Amino acid sequence: MIKVYVPKDSAARAVGSDAVADAIEAEAKAQNIAITLIRNGSRGMMWLEPLVEVETPEGRLAYGPVSASDVKALFQSKFLDDGKHPLALGLTEELAYLKNQERLTFARCGITDPLSISDYVAHGGFAGLKKALVKTGAEIVAEVTASGLRGRGGAGFPTGIKWKTVCDLKASQKYVCCNADEGDSGTFADRMVMEGDPFMLVEGMTIAGIAGGATQGFIYIRSEYPDAINVMKDAIRIATKAAWLGHNIQGTEHSFSLEVRRGAGAYICGEETSMLESLEGKRGMVRAKPPIPAIQGLFGKPTIINNVLSFAAVPYIMAEGGAAYKNYGMGRSHGTLPFQLAGNIKHGGLVEKAFGITLGQLINDFGGGTHSGRPLRAVQVGGPLGSYLPASQLNLPMDYESFAANGAMVGHGGVVVFDDTVDMAAQARFAMEFCAIESCGKCTPCRIGSIRGVEVIDRIVAGVERDKNLVLLDDLCQTMVDGSLCAMGGLTPMPVQSAVKHFPEDFDRPAEMVAAE
Amino acid sequence: MSKKHTLIDLNPPKHAIASAISSRYDNKPDALLEILHDIQHEMGYIPEAALPVLAKALNISRAEVHGVVSFYHEFRRKPAGRHVVKMCRAEACQSMGSNELAAAAEKTLKIRFGETTSDGSITLEAVYCLGLCATSPSLLVDERPMGRMTAEKFQALAAELAS
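All figures in this text were calculated on a predicted structure; none of them were measured in a lab.

**Q** Help me out: how do you make sense of the overall build of chain B in this one?
**A** The helix and strand tally for chain B stands at 7 helices and 4 strands. Ordered by position in the sequence, the α and β elements of chain B form the string α-α-α-α-β-α-α-β-β-β-α. If one aligns the C-alpha atoms of chain B with their principal axes, the spans along those axes are about 50 × 40 × 20 Å. Nonlocal contacts in chain B, meaning residues at least 24 apart in sequence, comprise 65% of its contacts between residues at least 6 apart.

**Q** Honestly, the overall build of chain A in this entry has me stumped. Any pointers?
**A** Looking only at helices and strands, one finds 23 helices and 16 strands in chain A. By principal-axis analysis of the C-alpha atoms, chain A measures approximately 75 × 60 × 40 Å. Counting every position in chain A, which comprises 517 residues, the buried fraction comes to 57%. Counting only contacts in chain A whose residues sit at least 6 apart along the sequence, the fraction spanning at least 24 positions is 72%.

**Q** I would appreciate a short explanation of unusual backbone geometry in the present structure.
**A** Negative phi values dominate among residues other than glycine, just as trans dominates among peptide bonds. Here Glu49(A) and Pro50(A) are connected by a cis peptide whose omega angle stands at -5 degrees. Looking at where Pro50(A) falls in the secondary structure, it is placed in the loop between strand E2 (35–38) and strand E3 (52–56). Residue Pro137(B) is reached from Ser136(B) by a cis peptide bond, and omega for that bond is -5 degrees. Here the phi dihedral of Ala243(A) falls at roughly 65 degrees; this positive angle occurs in a residue that is not glycine. Residue placement: Ala243(A) occurs in the loop between helix H11 (226–241) and strand E8 (257–262). For Ala243(A), a count of 13 C-beta atoms within 10 Å puts it in the partly exposed group.

**Q** Quick question: what am I supposed to make of the interface of chain B and chain A here?
**A** Each side of the interface is counted separately: chain B has 35 residues, and chain A has 45 residues. Those elements that place two or more of their residues in the side of chain B that touches chain A are helix H2 (32–43), helix H4 (62–71), helix H5 (91–94) and strand E4 (144–146) of chain B. With 4 residues, the single largest contributor to the side of chain B that touches chain A is H2(B). When its residues are assigned to classes, the side of chain B that touches chain A shows 20 nonpolar, 9 polar and 6 charged.

**Q** Looking at this structure, how should I read the environment of Lys99(A)?
**A** Residues and elements named next belong to chain A. Tracing the sequence through the fold places Lys99 in helix H4 (residues 96–99). Remark: the alpha-carbon pair of Lys99 and Asp508, spanning 409 residues in sequence, is separated by 45 Å. For Lys99, the contacting residues outside a window of four places in its chain are Glu93 and Glu94.

**Q** Explain the pairing of strand E1 (residues 2–5) of chain A to me, please; I cannot follow it from the model alone.
**A** Consecutive residues of a regular strand have side chains that alternate between opposite faces of the sheet. In this structure, E1(A) lies alongside E2(A), joined through 4 bridges in parallel fashion. Within E2(A), the residue paired with Lys3(A) across the bridge is Thr36(A).

**Q** Which parts of the structure should I look at to understand the environment of Thr479(A)?
**A** All names here are of chain A. Its place among the elements puts Thr479 in helix H20 (residues 466–483). Sequence spacing of Thr479 and Gly489 is 10 residues, and the spatial spacing of their C-alpha atoms is 9.3 Å. For Thr479, the contacting residues outside a window of four places in its chain are Pro445 and Gly449.

**Q** Can you walk me through the packing of helix H17 (residues 424–438) of chain A against helix H19 (residues 449–462) of chain A in this structure?
**A** Any two packed helices are characterised by how steeply their axes cross, that is the angle between the axes, and by the distance between the axes. Residues and elements named next belong to chain A. Contact geometry of H17 with H19 gives a least axis separation of 7 Å together with a crossing angle of 160 degrees. In this view, H17 runs roughly antiparallel relative to H19, as classed from their interaxial angle. Judged by the twist between their axes, the crossing of H17 over H19 is left-handed. Of the residues in H19, those touching H17 at Ala425, Ala428, Arg429, Met432, Glu433, Cys435 and Ala436 are Ser450, Ile451, Gly453, Val454, Ile457 and Val461.

**Q** So what exactly am I meant to see when it comes to the nonpolar core here?
**A** Nonpolar side chains tend to gather and get buried jointly when the protein is soluble and globular. In this structure, Leu201(A), Val202(A), Ile221(A), Met232(A), Leu341(A) and Val415(A) are the most contacted members of the largest nonpolar core, which totals 204 residues. Leu341(A) has contacts with Gly348(A), Gly349(A), Val351(A), Leu362(A), Ile363(A), Phe366(A), Gly367(A), Val415(A) and Ala134(B), leaving out every residue within four places of it along the chain.

**Q** Please explain the sheet that holds strand E9 (residues 303–307) of chain A as it appears in this structure.
**A** In a beta sheet, neighbouring strands pair by backbone hydrogen bonds and run either parallel or antiparallel. Residues and elements named next belong to chain A. Read from one edge to the other, the open sheet built from 4 strands follows the order E8-E7-E6-E9, with strand pairing classed as parallel. Every other strand in the sheet has two partners, leaving E8 and E9 as the edge strands with one partner each. Each neighbouring strand pair of the sheet contributes to a mean axis angle of 20 degrees, computed without reference to strand direction. By the bridge criterion, 6 bridges tie strand E7 (residues 216–221) to E8 in an arrangement that is parallel. Residue pairing for E8: Gly217 is matched across the bridge by Leu258. The sheet strands contacting helix H12 (residues 272–279) are strand E6 (175–180), E7, E8 and E9, and the helix crosses E7 at an angle near 105 degrees.

**Q** So what exactly am I meant to see when it comes to H12(A) here?
**A** Taken across its 8 residues, H12(A) has 8 buried, putting it largely inside the fold. If you check which residues of H12(A) are buried, you get Glu272(A), Thr273(A), Ser274(A), Met275(A), Leu276(A), Glu277(A), Ser278(A) and Leu279(A). The inward-facing, buried residues of H12(A) contact E6, E7, E8 and E9 of chain A together with H2 of chain B.

**Q** In this structure, what is going on with the environment of Met285(A)? I would like to understand it.
**A** All names here are of chain A. Following the sequence through the fold, Met285 ends up in the loop between H12 and E9. When the C-alpha atoms of Met285 and Ser439 are compared, they prove to be 9.0 Å apart, with 154 residues separating the residues in sequence. Not counting residues within four places of it along the chain, the set of residues in contact with Met285 comprises Ser274, Glu277, Cys440 and Lys442.

**Q** Looking at this structure, I do not really get H2(B). What am I missing?
**A** Structurally, the α-helix is built with 3.6 residues per turn, so residues lying three or four positions apart point the same way. Residues and elements named next belong to chain B. Taking 1.5 Å of rise per residue, the 12 residues of H2 would be expected to cover 16 Å, and the 16 Å separating its terminal C-alpha atoms lies within 8% of that figure. Every buried residue of H2 is listed here: Leu32, Leu33, Glu34, Ile35, Leu36, His37, Ile39 and Gln40. Where H2 terminates, the next one or two residues include Gly44, which has phi positive at roughly 90 degrees.

**Q** When you look at the confidence of the model for chain B in this model, what are you seeing that I'm missing?
**A** Reading predicted coordinates in detail is not appropriate for stretches of low pLDDT. Per-residue confidence for chain B gives a mean pLDDT of 94, with 94% of residues at or over 70. As scored by the predictor, the complex reaches a pTM of 0.96 and an ipTM of 0.95.

**Q** Would you take a moment to explain the sheet that holds E2(A) for this structure?
**A** Residues and elements named next belong to chain A. In spatial order, the strands read E2-E1-E3-E4-E5; together these 5 strands make up an open sheet with mixed pairing. Sheet topology places E2 and strand E5 (88–91) at the edges, where each strand pairs with a single neighbour. Adjacent strand axes in the sheet meet at a mean angle of 25 degrees when their direction is disregarded.

**Q** How do you make sense of the packing of helix H6 (residues 98–109) of chain B against helix H7 (residues 151–162) of chain B when you look at a structure like this?
**A** All names here are of chain B. Where H6 meets H7, the axes come as close as 10 Å, and the angle between the chain directions of the two elements is 30 degrees. The interaxial crossing formed by H6 with H7 has right-handed handedness. On H7, the residues touching Leu101, Ala104, Ala105, Thr108 and Leu109 of H6 are Ala151, Phe154, Gln155 and Ala158. Here the residues of the contact of H6 with H7 are counted per class, giving 7 nonpolar, 2 polar and no charged.

Conventions we followed
Sequence positions are assigned chain by chain, starting from 1 and proceeding in written order. Chain A is the first chain written and ligand 1 is the first ligand written, with later ones labelled in order. The predicted origin of the model limits local features to residues at a pLDDT of at least 70 and limits the giving and counting of side-chain atom pairs to 80 or more, whereas totals for whole chains, interfaces and linings rest on all residues. For helices the rule is a DSSP run of H or I covering at least 4 residues; for strands it is a run of E covering at least 2, with both sets numbered from the N terminus onward. C-beta atoms are placed from the backbone for every residue, and two residues are taken to be in contact when these atoms lie within 7 Å. With C-beta atoms placed from the backbone, the exposure class of a residue follows from how many other C-beta atoms lie within 10 Å of its own: 20 or more, buried; 12 or fewer, exposed; in between, partly exposed. Under the scheme applied here, ten amino acids are nonpolar (Ala, Val, Leu, Ile, Met, Phe, Trp, Tyr, Cys and Pro), four are charged (Asp, Glu, Lys and Arg), and all others, including Gly, are polar. Whether two strands pair comes down to DSSP finding at least two bridges between them. Here, axes are lines fitted to C-alpha atoms. For helices the fit covers the stretch in contact, and angles between N-to-C directions go from 0 to 180 degrees. An angle counts as roughly parallel when it lies under 35 degrees, as roughly antiparallel when it exceeds 145, as roughly perpendicular when it falls between 65 and 115, and as oblique in every other case. Take the far helix as your reference; a near helix turned counterclockwise from it by less than a right angle gives a left-handed crossing, and one turned clockwise gives a right-handed crossing. Note on terminology: a nonpolar core is any set of buried Ala, Val, Leu, Ile, Met, Phe, Trp, Tyr and Cys residues joined through C-beta atoms within 7 Å. Residue count minus one, scaled by 1.5 Å, sets the expected span of a helix. How sure the predictor is of each residue is captured by pLDDT, a score from 0 to 100.

Next up, the structure:
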């Protein structure tokens, strides 16, 4: 039976993959052709979605972007047998966008049926957990430490150190919490993992549970991701039934259970202590640190908190060894990062590469420049709290330290491209506005400062005492940096000040131009 | 959810629904967000009548329940339209013209964000990122994702949802 793949990833669904899948099934039935239609995850080439693949002895043939109205013509051109249709792209694996990547975390995404355990195992799944099941917590921690893995949520804290802290503590109960509140605009790697390869997250968290001595885990998923929530819940149910979760995993003495908890539209709950409050059923108010969550986390117990991509990197590290992972990357940024090319970009999608690739290589070589075809003007890296970089900084290597040295951050690897129609004063204003909307309200500089920030930027743009107000804006930003407990207030100045620094002309438009708008 | 006019009200009272949902989670206080999600899923919003019921069931104060309901943008205090459109207003979508799209959507529906159309068909809400950033601008209709949205496509969508 011929296997046909049509992604169920929500980015593919957003451009009509459900209708394509229905049309293919209907047409195959009408023509009496026996096919097996598999709803896979996305390969991450979003401009080609819906990307239909047909399994052949040579490999998978790709067609895209396919719309439901193309399906009849695809069947007429015998697309199941050869790739002669105008939408044919050749063998998927030979597409330069995929071929030039270093996919460790995303090795399986888009290839397997996301909820098939046999598919998962056939493609190397649970190999890491199998090794972990016969190791001590300390041995697992040593392997993760050796890999050089740093927190993929954005802060880049060494994962091994975090795990060691929890591993070394004695407690009646410990927890593992996955931060899947992927709120940064321009990021979708967590979502793709959860929708396209959910057992990898289950496996990574279970390994963390064994390492830290925790028997209960929670995955905190934002409510804006309904598909990811449903797939993860199914994956947990299926894995539990197959004894990869729950009591006595695969007949060993290890037990670990998982539960999905939904967020409720609060960006701040991506901050780890705020997420803990939310998991406890409370307002997502940021906690003061110390105590750090590794010592007093969920319900006051030692807790391993990591981002989806951090946990997702662990099965590879356990299976292949920490050294194999550490071989990738540059400086103190080891391994790979699944970068996400988003916004005004021609070939948007997921590009997993070792650290060290430059921003320009990502945007031009992979991304193909802007979607609009107009010149690129600004790039925001690392989400709404990340800096806006001008075209002149595209030579920056993607590495935690290089970015920090240039007043920017890699964050969760989101790259949002803007063309020359962007108004950078408006973007700076939005950064403050967003902070005002999403602040938990605990720290005054964040809660009130962001509102004052919007007002000051409005005065600058209107030409009211511009120089004085620019000084005031700087002072306000410094107060926010110094006086906020977490990154919300502490990093909002990054997009604001980088916009002022790199695009001063947008803050200094003649008054009559402003009045005319 | 349209209101049914019948002589006998067959719907269980709001507090009974809230109480039943709470017991589904063993009345655990840490499950408050989950409980609120389920209430909103079943009733379209979080009715005021549910608050004291939940406070009692979870053994927390009514102020704490109110605090949670009012903290999270997702929870609605008044009924929504038959369909909820969540439009992304964050940076990646902005780079592809979502601010213009948002203005066009408000004009098409003759409402502002956070409001419901006069015929009760559509509630328009702002969200910040749906993870559909490579096919922006994006929105979610109930739970259906839609990308590469334009003002024209939105008009057609609004007409479809209103019918």
